[in-house]
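Below are the chains, spelled out letter by letter.
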Amino acid sequence: MKRENAMKEMKTTDAAGQVLCHDVTQIIRGVTKDAVFRKGHIIQEEDIPLLLSMGKDHIFIWEKEENMLHENEAALFLYSLCENKHMHPSEVKEGKIEAIADCDGLLKVDRERLNHVNALGEMMIASRHGNFPVKAGDKIAGMRIIPLVIEKEKMEQAKAVCGGPIFELKPYLHKKAGIVTTGNEVYHGRIEDTFSPVIKEKLAEYDVELVGHELSDDNHERITACIRRLVGQGADLILCTGGMSVDPDDRTPLAIRNTGARIVTYGAPVLPGAMFLLAYLEREKETRFEGRRGDIAIMGLPGCVMYAKRTIFDLALPRIMAGEILEAEDISVLGEGGLCLSCPVCTFPNCGFGKGGA
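Below or above, wherever it landed, is the structure these notes cover. The shown structure was predicted, so the numbers you read here are calculated from the model rather than taken from an experiment. (Residues numbered from 1 in each chain as written. Predicted model: local features only at pLDDT ≥ 70, side-chain atom pairs only at ≥ 80, totals over all residues. Heavy atoms only, no water.)

Points about the sheet that holds strand 10 (residues 132-134)
Operational definition: Two strands qualify as a pair provided DSSP detects at least 2 bridges between them. Segments assigned H or I by DSSP are reported as helices when at least four residues long, segments assigned E as strands when at least two residues long, and all are numbered from the N terminus. Only the stretch in contact is used when fitting a helix axis, every axis being a line fitted to C-alpha atoms; angles between N-to-C directions are given from 0 to 180 degrees.
With antiparallel pairing, the three strands of this open sheet are ordered in space as 10-8-13. Every other strand in the sheet has two partners, leaving strand 10 and strand 13 (167-171) as the edge strands with one partner each. Across the sheet, the mean angle separating the axes of adjacent strands is 40° when strand polarity is ignored. Sheet topology places strand 8 (residues 105-109) next to strand 10; three bridges connect them, and they run antiparallel.

Brief notes about helix 2 (residues 71-82)
Put simply, the rule is: The length a helix should cover is 1.5 Å for every residue beyond the first. When accessible area is computed with a 1.4 Å probe and restricted to protein chains, residues below 20% of their type maximum are described as buried, those above 50% as exposed, and intermediate ones as partly exposed.
Helix length check: helix 2 (twelve residues) gives 17 Å between terminal C-alpha atoms against 16 Å at 1.5 Å per residue, within 8%. Regarding helix 2, the residues found buried are Glu 71, Asn 72, Ala 74, Ala 75, Phe 77, Leu 78, Tyr 79, Leu 81 and Cys 82.

Comments concerning the packing of helix 2 against helix 4 (residues 152-162)
Under the convention used in this document: Each angle receives one of four descriptions, namely roughly parallel if under 35 degrees, roughly antiparallel if over 145, roughly perpendicular if within 65 to 115, and oblique otherwise. Contacts are assigned to residue pairs with any non-hydrogen atoms lying within 4.5 Å of each other. Side-chain classes are defined by residue name, with Ala, Val, Leu, Ile, Met, Phe, Trp, Tyr, Cys and Pro counting as nonpolar, Asp, Glu, Lys and Arg as charged, and the others, Gly among them, as polar.
Where helix 2 meets helix 4, the closest approach of the two axes is 10 Å, and the angle between their N-to-C directions is 10°. Classified by the interaxial angle, the pair formed by helix 2 and helix 4 is roughly parallel. Facing helix 2, whose interface residues are Ala 74, Phe 77, Leu 78 and Leu 81, helix 4 presents Met 155, Glu 156, Ala 158, Lys 159 and Cys 162. Classifying every residue of the contact of helix 2 with helix 4 by side-chain character gives seven nonpolar, no polar and two charged.

Remarks on the packing of aromatic side chains
We count it as follows: Pairs were defined over the aromatic rings of Phe, Tyr and Trp, the Trp ring being its six-membered one, requiring ring centres within 6.5 Å. Orientation was assigned from the angle between planes: stacked under 30 degrees, edge-to-face over 60, tilted for the rest. The rule for a charge over a ring is simple: NZ of Lys or CZ of Arg within 6 Å of the ring centre, and within 35 degrees of the ring normal.
Evaluated as defined, the whole model comprises three aromatic pairs. Measuring from centroid to centroid gives 4.8 Å for Tyr 172 and Tyr 206, while their planes differ by 80°, and the two rings are edge-to-face. With a gap of 34 residues between them, Tyr 172 in the loop between strand 13 and strand 14 (175-182) and Tyr 206 in the loop between helix 6 (196-203) and strand 15 (208-216) connect regions that are remote in the sequence. Each member of the aromatic cluster is reached from another via a ring pair, and the members are Phe 132, Phe 348 and Phe 353. The ring of Phe 132 has Lys 355 sitting right over it, with the charged end atom 4.0 Å from the ring centre.

Remarks on unusual backbone geometry
A cis amide bond links Leu 271 to the next residue, Pro 272, at an omega of 0°. Looking at where Pro 272 falls in the secondary structure, it is placed in the loop between strand 17 (262-266) and strand 18 (277-281). Across the junction of Phe 348 and Pro 349, the peptide omega takes the value 10°, indicating a cis bond. Along the chain, Pro 349 falls in the segment after helix 11 (328-332). At His 86, a residue that is not glycine, the phi angle is positive and equals roughly 70°. Examined against the element boundaries, His 86 turns out to sit in the loop between helix 2 and strand 6 (87-89). The backbone of Asn 131 shows a phi angle near 65°, a positive value even though the residue is not glycine. Residue placement: Asn 131 occurs in the loop between strand 9 (123-127) and strand 10.

Quick word on the packing of helix 3 (residues 111-119) against helix 4
The geometry of a pair of packed helices is captured by two quantities: the angle between their axes and the separation between those axes. The following threshold applies: We call a crossing left-handed when the near helix sits turned anticlockwise from the far one by less than a right angle, and right-handed when that turn is clockwise.
In the contact formed by helix 3 and helix 4, the axes pass within 9 Å of each other and the chain directions differ by 160°. On the basis of their axis angle, the class for helix 3 and helix 4 is roughly antiparallel. In this structure, helix 3 meets helix 4 at a crossing whose hand is right-handed. Residues Arg 113, His 116 and Val 117 of helix 3 pack against Ala 158, Val 161 and Cys 162 of helix 4.

Examining the pattern of salt bridges
Cut-off, in case you're wondering: Just to be clear on terms, a salt bridge is a Lys or Arg side-chain nitrogen sitting within 4 Å of an Asp or Glu carboxyl oxygen.
On inspection of all chains with the given rule, the structure shows 16 salt bridges. Measuring nitrogen to oxygen at the nearest pair gives 2.9 Å for the salt bridge that ties Lys 154 to Glu 122. Here Lys 154 is found in helix 4, whereas its partner Glu 122 is found in the loop between helix 3 and strand 9, with 32 residues between them in sequence. The shortest N-O distance in the salt bridge between Glu 324 and Arg 319 comes to 2.9 Å. An identical accessibility class is assigned to Glu 324 and Arg 319; each is buried. One network of salt bridges, in which partners are shared, links Lys 108, Lys 170, Arg 319, Glu 324 and Asp 330.

Fair warning: the whole summary comes from geometry, so function is off the table for now.
Okay, structure coming up:
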């Protein structure tokens, strides 16, 4: 059988003129961790003292074997299992390759496919959590094989169990949003509206056009009318602030229900954000503006969204902005990881908040 691309171990002192089959990395704490010699380098006599000083008494050089893949080739193969639109590969370095986001968007991870590949052994793919926002240039995942070489058959097995791309990056959609601020105290000018500025700041992170801002007292009929006016202005997303607790005079949930919207959930296993409401209103024919598709998302936001750094709103908004239609199960699974620890320095989304069901 013809042989190509297999490695052979030999003494470093005898390796002059041979071709390295792997990167050789030098690690000096606090100074460097980088490849001194790259795969494919032809070893020179003057390289041998440096290799010996790095503890490389033996070195691996190429022989040829047609049924084997080198770590760099295998890394590219693994990337092909992960690749999808809106991402690109990094340079292969020391046998590792990374998937990089091309745009801001929502990362989706096919957990079953990812687990199938990692369960095969001798290869690994590590990623960010799914259902969370990433920005252009962010690392999505890193992957490599564990040995220096691997059988092509093993890689083809990974392809077979995978069956399709492991990752998807959903760009955010352009959406038109409306805000309904409720409460007698704000409506009658007794206090300043400090809720809406928080909502506008969070919406500014996405491709959102604010088409209207309505004020209402606690009269549920007036709140319903405000929502309908925003629907008539072409809103894709309507955010109702306040009036979401179980107090008798908190009427926002009733007002949303009276629009005819389908209530997905009133309540979420997330703190802060337990009194969150999500509903969808079918878009009527006369309000189906050009380019507007899908049902209108209506969210009832509890008061915690105004004062807490991160809440249920931060978990739901990226998914809605990416065009997802959330159902009750998408919310109910958030209990594990649904407790925000209110850290002195917030690192969200690079923390555990919301990760359990993601």
